[in-house]
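Observations on chain architecture
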Amino acid sequence: MAEEEDFSSLPLTDRWVHKVWKVRKAAYEEAAKQFEATGDEHDPAFRPFVQDSGLWKGAVADSNVAAQQEGLNALCAFLKFGGREGAVRSRQHTITAIVEKGLSSTRAATKASALEALLLYIETDVPGPVIEDILPVLSNKQPKVVAASLAALTQIFHNYGCKTADPKPVLKVLPKAFGHADKNVRAEATNLAVEFYRWLREAMKPMFWGDLKPTQQTDLEAQFEKIKAEGNPKQERLLRSQQAAKERAPQGGGAGAAETYEDDDFEEPAEVDAFDLAEPQDVLSKLAGSFYDNLASSKWKERKEALEGLYAIVNVPRIKDADFGEVSRSLAKCMKDANIAVVTQAAQCIELLAKGMRKGFARYRSIVMQPIMERLKEKKQTVADALAAALDAVFTTTNLSECLEDIKESLAHKNPQVKEGSMKFLIRCLRTTRDVPAKPEIATIVESAKKLLSEGSEVLRSGGAEILGTIMKIIGERGMNPHLEGLDDIRKTKIREFFEVAEVKAKEKPKPPPAPVARAPPAGAPRKVVKKGTGTKKPAPAPPPPSQYAQQPPAQPASRAAPEGKLGMPKPTGLGGLKAPQKRTLPGPGGMSSPRRQAASPTFEDEPASPPPKPATRMGLGRGGLAGRSLAKPSAPSQPVAPLSPTPVSSLGPIERAELEELRDANDRLLKQVEDARHDRSKLISEIQELKNQNAGLIEDHTRDVLSIKAKETQLVRARGDFEAAEQTNDRLRRELERLKRALNKAEAFGSGGGPGSPSSPNLGLMSPTHDDAGIYRDGAFPTNSNRNRMSFTSTLSEEKENGESAPYPRNKLSPEVRYAGSTASSGRGSPARGFRRDMSGEDRESQSTDAPTRNTGYPTYADRSGSRADSRAGSRLGDQQPSGGSGGAGMESWKRAAEVTSQLKARIEQMKAKQGISRP
């Protein structure tokens, strides 16, 4: 007992760190009671623990579990009743100890106190620092500590939500927890993922879904299906700052405001997506060095492969902002590609860039939007869908005002497909935009939509009606009525049908009432005039006049007649002797000779120096005895002169009204000028559009002419080539002709010389060339010693070859008939052999036929053989001419004669073959 008394006499901070656990436990309990009994957060009981915040580390991590439980209770009381300063100072000493020692405790009460302490730390300040201190504990070696930390994180996000507590740091380390070896850790990771799905839905998956195993993904999908049926979660606990804001809300708007605050701020919005959770990634550094070269390749597969590589790079939730100007220009150029696969891939890349950069892509909108809309002419649905998705993604980076000009141009395009695609894009823009278009923009949209109503296609007409119905949904029926004038009832009915079913996010806010309230003060022109008259005094003169007017009405009614005298400056009668002096005094101090000066009089009455002169005039008026007494009583009415001035303010109306009328006239003139300028502008815009269309037509004509010129040039080049080839062929044939002429001349010269083989030689019959069965021309039957004297053109051609005059054919060593017998085109009419035979067929054959019908060799003469051979050639070769002389009539003989000649010729050939075999083994 004595020791306990000694312990109780020690200061609380000393007992807090005492070596006896019971003393520490008692100190914790006493501190908790003191905290609960404090009046506010500035109570002296908190001071020792705020100044020395390290005391809390030993309390929450006490080695004795009973003392630890009381220490955590004391910390909860400190955080609950203390201020933010104590929580911020002690947080760095306690969070890790609470997670490692308190959450993993075997006592349920200790676990609950530890979790409550973490939630109170978040409540007093913000969740970020607490979560940052918990995340390193996930790498602890003890699985139970890791599982307890994950359970604490689950409770934090369950109570405060993902809007108050940032889930991104936890989502990054969640895959590591799913890969833990302990099943309890994996189970707690699953619970945390399900809690995230309650708040984030599908937006959380890109952060970690790809790192999970297929079985884990299947299990999570099963858990997510149960969550989908639930509604949007709400924040269960509020921060101190949120509590203060909620308490202030009813003061401004009553209980309804508090409900609105709670619904707006603590119900999870649908705007959370992967972009908000992801970290920006640098994709330009990953772009291949050959990207631009491959994109400019002439092979469409290389262009498509380059775009597929870009698609894989930019397919991330968030892209780091950088200079994508060159990439955007390249993708815009791909919109004109002839291959639709390249166009589709480029559109998908633009869509990913716009989604990954959001507002950062807005500066490239003008580069890509117009080419995409020009490509809407594609009829293939897959291409049209890719282009539409790219346009929608680009629109999310900007607003309707920026895109309206391009949309307007596309709606006036001559291609119906482009019109239809642009019309659908405009409808989607009107549905998704959150900003109400300005009146000029609405007028532009309505004008374009009315033009669509008169199109020949039903799709375009319905689209125009849908545009007008969506605009009506945004600005209301009353605002749309002026735009529907001139339309027939059928079209109005169609527009109203679309109006009833249209869903938009932007609506005209019904808050114009404050505007008339602001316009009400200008209606009180007299006050403004008084302020102008006072000059130096702005707000002060306005309040005093009403008070003076309230005091003065009980005065004599004659005071009301005074203003009339002041206005006309006459001096009316009625108690004339009394009122004349008053009128003299009134002009003096007030100096009111005009309505404007009267307007200034109220300001002078407010000044302290103005009242003394008025009594002085009254003193002067008191010379008349009784008159002076009567004047003493109306001395009070003399002050109503000030109130009389406001009534004359109404007399300022004509002047001010004249000025106002002038201003109104000027305003009307300006409005008319503005309207004329708008009309001129619309005309100029239409003219510009027409000029653009003409320019486009001229460009197309120019392109067509250029292509035709190039085609003509190509034809000319080909004709030149053919001409050169023909010239070469002609030269070759000319050389061949000259060579043949030379050979003919030589043959004729040789024949006229009378040498062996000449027509006059008696042995000519033995040298007539014949052909065997193989088609080779050979000499006829020769005597034994005739080989030496045999004549053949082979020797002549060999001599020509030696002289450099070789024949162009490889068969030149054979007889002339062999060279020309294989072609019907070259019939051999100009060959030396034929010339030789033609000469023989004339005079010599007749002479030989008369002088020597037969030779002693038993063979016919050369003339007979020549005639029969000519006859056979005339019957067998088409296109050959008849030899001269006696052979001319052979072509006219009957077919019987031809058959006989042929049979005789065959017999002679067989005899020649037999003879040749004897003479030439």
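Since the model is a prediction, treat every value here as computed from it, not as a measurement.

1. Focus on the nonpolar core
Membership of the largest hydrophobic core comes to 79 residues, with the highest contact counts inside it found for Trp16, Phe196 and Phe208. It is helix H10 (residues 143-164) that provides the largest number of residues to this core, a total of eleven residues. The next biggest cluster of nonpolar side chains, apart from the first, holds 74 residues, and it includes Val327, Leu331, Phe395 and Phe498.

2. Digging into helix H26 (residues 458-475)
Helix length check: H26 (18 residues) gives 26 Å between terminal C-alpha atoms against 26 Å at 1.5 Å per residue, within 8%. Within H26, 14 of the 18 residues are buried, which leaves it mostly tucked inside the rest of the structure. Two to three positions downstream of the cap, the backbone nitrogen of Val459 sits 3.4 Å from a side-chain oxygen, assigning the N-cap of H26 to Ser457. Backbone geometry just after H26 places Gly476 at a positive phi near 95°.

3. Focus on the pattern of salt bridges
Applying the stated rule across the entire model yields 36 salt bridges. Of the charged contacts, one joins Glu123 and Arg240 as a salt bridge, the two residues approaching to 3.4 Å between their closest N and O atoms. Here Glu123 is found in helix H8 (residues 108-124), whereas its partner Arg240 is found in helix H15 (residues 240-266), with 117 residues between them in sequence. Looking at Glu123, the relative accessible area reads 11%, which means it is buried. A salt bridge links Lys304 to Glu308; the nearest nitrogen and oxygen atoms lie 2.4 Å apart. In this pair, Lys304 and Glu308 are both assigned in helix H18 (residues 300-314), four residues apart and thus about one turn of the helix distant. According to the relative accessible area criterion, Lys304 is partly exposed, its value standing at 22%. Glu308 sits in the partly exposed class, given a relative accessible area of 34%. Residues participating in the shared-partner salt-bridge network are Glu116, Glu123, Arg237 and Arg240.

4. Brief notes about unusual backbone geometry
Its identity is not glycine, yet Arg201 carries a phi of approximately 55°, on the positive side. We classify Arg201 as partly exposed; its relative accessible area is 23%. The backbone of Arg358 shows a phi angle near 55°, a positive value even though the residue is not glycine. Summarising the element assignment, Arg358 is placed in the loop between helix H20 (340-357) and helix H21 (365-374).

5. Quick notes on the confidence of the model for the protein chain
Averaged over the protein chain, the pLDDT score is 75; the fraction of residues at 70 or greater is 65%. Within the model, pLDDT remains below 50 along residues 515-651, and this stretch shows 98 contacts once partners closer than five positions in the same chain are excluded. This model gives residues 754-891 a pLDDT under 50, and the stretch forms 201 contacts once residues within four places in sequence are excluded.

6. Some remarks on helix H24 (residues 416-432)
Helix length check: H24, at 17 residues, gives a terminal C-alpha distance of 25 Å against a target of 24 Å (1.5 Å per residue), a fit within 8%. Regarding H24, the residues found buried are Val418, Lys419, Gly421, Ser422, Met423, Phe425, Leu426, Ile427, Cys429 and Leu430. For H24, the elements touching its buried residues are H21, helix H22 (381-395), helix H23 (400-411), helix H25 (439-453) and H26. Two or three places before Gln417, at the opening of H24, Asn415 has a side-chain oxygen 2.9 Å from that residue's backbone nitrogen.

How each quantity is defined
- Residues numbered from 1 in each chain as written.
- Predicted model: local features only at pLDDT ≥ 70, side-chain atom pairs only at ≥ 80, totals over all residues.
- Heavy atoms only, no water.
- Core = buried A, V, L, I, M, F, W, Y, C linked by side-chain atoms within 4.5 Å.
- Buried < 20%, exposed > 50% of the residue type's maximum accessible area, 1.4 Å probe, protein only.
- Helix = DSSP H or I, 4+ residues; strand = E, 2+ residues; numbered from the N terminus.
- Expected span 1.5 Å × (residues − 1).
- Polar contact = N/O pair within 3.5 Å; in protein donor to acceptor, adjacent residues only side chain to side chain.
- Salt bridge = Lys/Arg side-chain N within 4 Å of Asp/Glu carboxyl O.
- pLDDT = per-residue confidence, 0-100.
- Contact = heavy atoms within 4.5 Å.

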